[in-house]
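# Architecture at a glance
For reference, the chains in residue letters:
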Amino acid sequence: MADAAEAERVHAALRQIGTLHDARHVIFDNDTRFMFASVFDGSWDAYIDDFAKTVVGERFDKVFSHSVGFPGVKDPGVKDWFVAHQAPASVFVSAYPDLTVQQVYKDHRVEEAFEEVLDTPEFRAALENPANADLVNTPAFQKLLEEASA
């Protein structure tokens, strides 16, 4: 189990890579088989290359070192090894199939900034100012306020 500093190093590397949506490790069949499943943006080649350049590659080496024949994430044959051991998903469903990790990060930053604006007295005053009534009463602005309060 990684300590908090190691976990932060891995999360910082994942933010730097910026393409990983989700990853999981599963041990099954009486602890004799292992599965790594992930969802990422971009090409598979770039995904593996990006991981090899960061602390995540070190984590891959630790985890996969228990797999028969794993050459190491920086080995030129690692992609061939992964391809030889991968299986396609029968079914894959995503709640947000059209969003990249970078778009999710941006949406989160915008939402946080918007929430800060909503909490200011200046925003409340602007909503109540009759000079802004035309904007405030538009369907788009009303939708924005409804979504913010949901």
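For the structure given in this document, a descriptive report is provided here. (Residues numbered from 1 in each chain as written. Predicted model: local features only at pLDDT ≥ 70, side-chain atom pairs only at ≥ 80, totals over all residues. Heavy atoms only, no water.)

### Brief notes about the overall build of the protein
Along its length, the protein carries eight helices and two strands. Its helices and strands in sequence order give the protein the pattern α-β-β-α-α-α-α-α-α-α, from N to C terminus. For 150 residues, the compact-globule estimate of 2.2 N^0.38 gives 15 Å, and the C-alpha radius of gyration of the protein, at 22 Å, exceeds that figure by more than 25%. Referenced to the eigenvectors of the C-alpha coordinate spread, the extents of the protein come out at roughly 70 × 35 × 30 Å. Taking all 150 residues of the protein together, 21% fall into the buried category. Within the protein, contacts between residues separated by at least 24 positions form 44% of all contacts whose residues are at least 6 apart in sequence. As presented, the protein carries roughly 11,000 Å² of accessible surface, and 55% of it is formed by carbon and sulfur atoms. (Helix = DSSP H or I, 4+ residues; strand = E, 2+ residues; numbered from the N terminus. Rg over C-alpha atoms; globule rule 2.2 N^0.38 Å. Buried < 20%, exposed > 50% of the residue type's maximum accessible area, 1.4 Å probe, protein only. Contact = heavy atoms within 4.5 Å. Areas by Shrake-Rupley, 256 points an atom, 1.4 Å probe, with all protein chains shown as cover.)

### Some points on the nonpolar core
Counting residues in hydrophobic clusters, the biggest one holds 18 residues, and the most contacted among them are Leu14, Phe51, Val56, Phe60, Phe64, Phe70 and Phe82. Going through the elements one at a time, α1 (4-17), α2 (44-52), α3 (55-64) and α4 (78-85) are the ones with two or more residues in this core. Once you skip the residues sitting within four places of it in the chain, Phe70 turns out to touch Phe60, Asp61, Phe64, Ser65, Val78, Trp81 and Phe82. Judged by nonpolar contacts, the second largest core, of five residues, contains Leu118, Phe123, Val136 and Phe141. (Core = buried A, V, L, I, M, F, W, Y, C linked by side-chain atoms within 4.5 Å.)

### A short note on α2
Buried residues of α2: Tyr47, Ile48, Phe51 and Ala52, and no others. Down the axis of α2, the smallest arc covering the buried residues is 130 degrees, so these residues share one side. (Arc of directions from axis to C-beta.)

### Some words on the layout of surface pockets
By volume, the largest pocket is sized at about 1,300 Å³. Lining the largest pocket are 39 residues, with Met35, Phe36, Ala37, Ser38 and Ala87 positioned closest to its centre. Of all the secondary-structure elements, those providing two or more residues to the lining of the largest pocket are β1 (20-28), β2 (33-40), α2, α3 and α4. The biggest single contributor to the lining of the largest pocket is β2, with eight residues. Looking at the lining of the largest pocket residue by residue, the class counts come to 26 nonpolar, eight polar and five charged. (1 Å grid on protein atoms, 1.4 Å probe; cavity = no way out; pocket = protein on both sides within 12 Å on 5 of 7 lines; lining within 4 Å. Points joined across faces, edges and corners; volume = space filled by probe spheres on them. Nonpolar A, V, L, I, M, F, W, Y, C, P; charged D, E, K, R; others polar.)

### A look at the packing of helix α5 (residues 101-118) against helix α8 (residues 139-149)
Packing of α5 against α8 leaves a shortest axis separation of 11 Å and a crossing angle of 100 degrees. Comparing their axes, α8 and α5 come out roughly perpendicular. Packed against α5, whose contacting residues are Phe114, Glu115 and Leu118, the element α8 presents Leu144, Leu145 and Ala148 at the interface. By residue class, the composition of the contact of α5 with α8 is five nonpolar, no polar and one charged. (Axes fitted to C-alpha atoms, helices over the stretch in contact; angles between N-to-C directions. Parallel < 35°, antiparallel > 145°, perpendicular 65-115°, else oblique.)

### Here's the deal with the pairing of β1
Pairing analysis gives eight bridges linking β1 to β2, with the strands arranged antiparallel. Bridge pairing in β2 places Ile27 opposite Phe34. Two successive antiparallel strands, β1 and β2, enclose a turn made up of four residues, where Asp29 displays a positive phi of approximately 50 degrees. (Pairing = 2+ DSSP bridges.)

### Quick word on the pattern of salt bridges
With the rule as written, the count across this model stands at eight salt bridges. Between Glu8 and Arg15 there is a salt bridge, with the nearest N and O atoms lying 2.8 Å from each other. The class for Arg15 is partly exposed, based on a relative accessible area of 43%. A salt bridge links Lys79 to Asp49; its shortest N-O distance comes to 2.8 Å. Of the two residues, Lys79 is situated in helix α4 and Asp49 in helix α2; the sequence distance between them amounts to 30 residues. (Salt bridge = Lys/Arg side-chain N within 4 Å of Asp/Glu carboxyl O.)

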